Amino acid sequence: MSDWPALIKRTTLIVRDMAASRRWYEQVLGMQVWMDTEFVLSGEGLAAGAEGDRTHLVIMRGEHDRIGMIGLLQWLDPPWPAPPVPTEVAYGAPVFVVECDDAERVAARAAALGSRVHCPPRIWSTRGARGELRHFVGTSVFDPDGHFYECNQVTAIDEPEDAP
């Protein structure tokens, strides 16, 4: 067993409409399709669905092909009934934090696709782990299935005065 912590490669999200979700991740976050496949569930590994369910999995990649990927999983047969799309973050729901090049463009593209923009682009700052002051333009948006994304564009980093 390794002394290193686990490496989180991907988060897989259940989606209602693969085409709409794929378009959102491509156009809003600039991700690309890394894998696109249909498969039948064994009924053992995934704590959802049942043996024999037919699903469609698309894995979207950002800058890296080993970490930070998003899987989009849709039930094809039988289709899963979907609950209402969330409009706020609740227990059990992830908050995705994304570094982006243009927060204003992210918000505009999300809005153009009909997504809920929770927070329009705004300027804000916070202290980093080493004491540096990090400045951002940030926006918060929901994807088509109600997954919440905080998207931040780094505009400047002020190193702490006591930095070597």
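Up top is the structure.
The model shown is predicted, which means the values in this text are computed figures rather than measured ones. (Residues numbered from 1 in each chain as written. Predicted model: local features only at pLDDT ≥ 70, side-chain atom pairs only at ≥ 80, totals over all residues. Heavy atoms only, no water.)

Bringing the overall build of the chain into the picture now. A count of helices and strands for the chain gives 2 helices and 8 strands. Ordering the α and β elements of the chain from the N terminus gives β-α-β-β-β-β-α-β-β-β. If one aligns the C-alpha atoms of the chain with their principal axes, the spans along those axes are about 60 × 45 × 30 Å. Every one of the 164 residues in the chain was classed for burial, and the buried ones make up 32%. For the chain, the share of sequence-separated contacts (at least 6 apart) that also reach a separation of at least 24 residues comes to 56%. (Helix = DSSP H or I, 4+ residues; strand = E, 2+ residues; numbered from the N terminus. Buried < 20%, exposed > 50% of the residue type's maximum accessible area, 1.4 Å probe, protein only. Contact = heavy atoms within 4.5 Å.)

Moving on, we come to the packing of aromatic side chains. Using the criterion set out here, one finds 7 aromatic pairs in the structure. Ring geometry for Tyr-25 and Tyr-149: centres 5.9 Å apart, planes at 75°, overall edge-to-face. Here Tyr-149 lies in strand β8 (residues 148–158) and Tyr-25 lies in helix α1 (residues 18–27), a separation of 124 residues in the sequence. Of the two residues examined, Tyr-25 and Tyr-149, each falls in the buried class. (Phe/Tyr/Trp six-rings, centres within 6.5 Å; stacked < 30°, edge-to-face > 60°.)

There is a patch of nonpolar side chains on the surface, built from Val-89, Val-95 and Val-97 and spanning about 250 Å² of accessible area. Topologically, Val-89 is positioned in the loop between β4 (69–77) and β5 (95–99). (Patch = residues over 30% accessible without salt bridge, like charges linked within 9 Å, V, L, I, M, F, W, Y side chains within 5 Å. Areas by Shrake-Rupley, 256 points an atom, 1.4 Å probe, with all protein chains shown as cover. Salt bridge = Lys/Arg side-chain N within 4 Å of Asp/Glu carboxyl O.)

With that settled, the discussion passes to the sheet that holds strand β7 (residues 133–142). In any sheet, the strands associate via hydrogen bonds between backbone groups, in a parallel or an antiparallel arrangement. Pairing is mixed in the open sheet, where 4 strands are placed in the order β5-β8-β7-β6. Edge positions in the sheet fall to β5 and β6 (117–127), since each has one partner strand and no second. Between one strand axis and the next, the sheet turns by 25° as a mean value, whatever way the strands run. Examined bridge by bridge, β5 and β8 share 5 bridges and lie parallel to one another. Considered in β8, the bridge of Val-98 is made with Cys-151. Most of the contacts of helix α2 (residues 103–112) go to β7, to which it runs at about 5°, and overall it touches β6, β7 and β8. (Pairing = 2+ DSSP bridges. Axes fitted to C-alpha atoms, helices over the stretch in contact; angles between N-to-C directions.)

The subject of this paragraph is unusual backbone geometry. With an omega of 0°, the peptide bond running from Asp-77 to Pro-78 counts as cis. Here Pro-78 lies in the loop between β4 and β5.

We now examine the environment of Leu-76. Checked against the element boundaries, Leu-76 lands in strand β4. For Leu-76, a relative accessible area of 26% gives the class partly exposed. Separated by 58 residues in sequence, Leu-76 and Met-18 place their C-alpha atoms 10.0 Å apart. For Leu-76, the contacting residues outside a window of four places in its chain are Glu-38, Arg-54, Thr-55 and His-56.

Another point: the sheet that holds β4. The 4 strands are arranged β1-β4-β3-β2 in an open sheet whose pairing can be described as mixed. Sheet topology places β1 (10–14) and β2 (32–40) at the edges, where each strand pairs with a single neighbour. The average undirected angle you get between the axes of adjacent strands in this sheet is 20°. Examined bridge by bridge, strand β3 (residues 54–61) and β4 share 7 bridges and lie antiparallel to one another.

Moving on, we get to the side chain of His-147. For His-147, the location among the structural elements is in the loop between β7 and β8. Apart from residues no more than four positions distant in its own chain, His-147 is found in contact with Leu-13, Ile-14, Phe-96, Val-141 and Phe-142.

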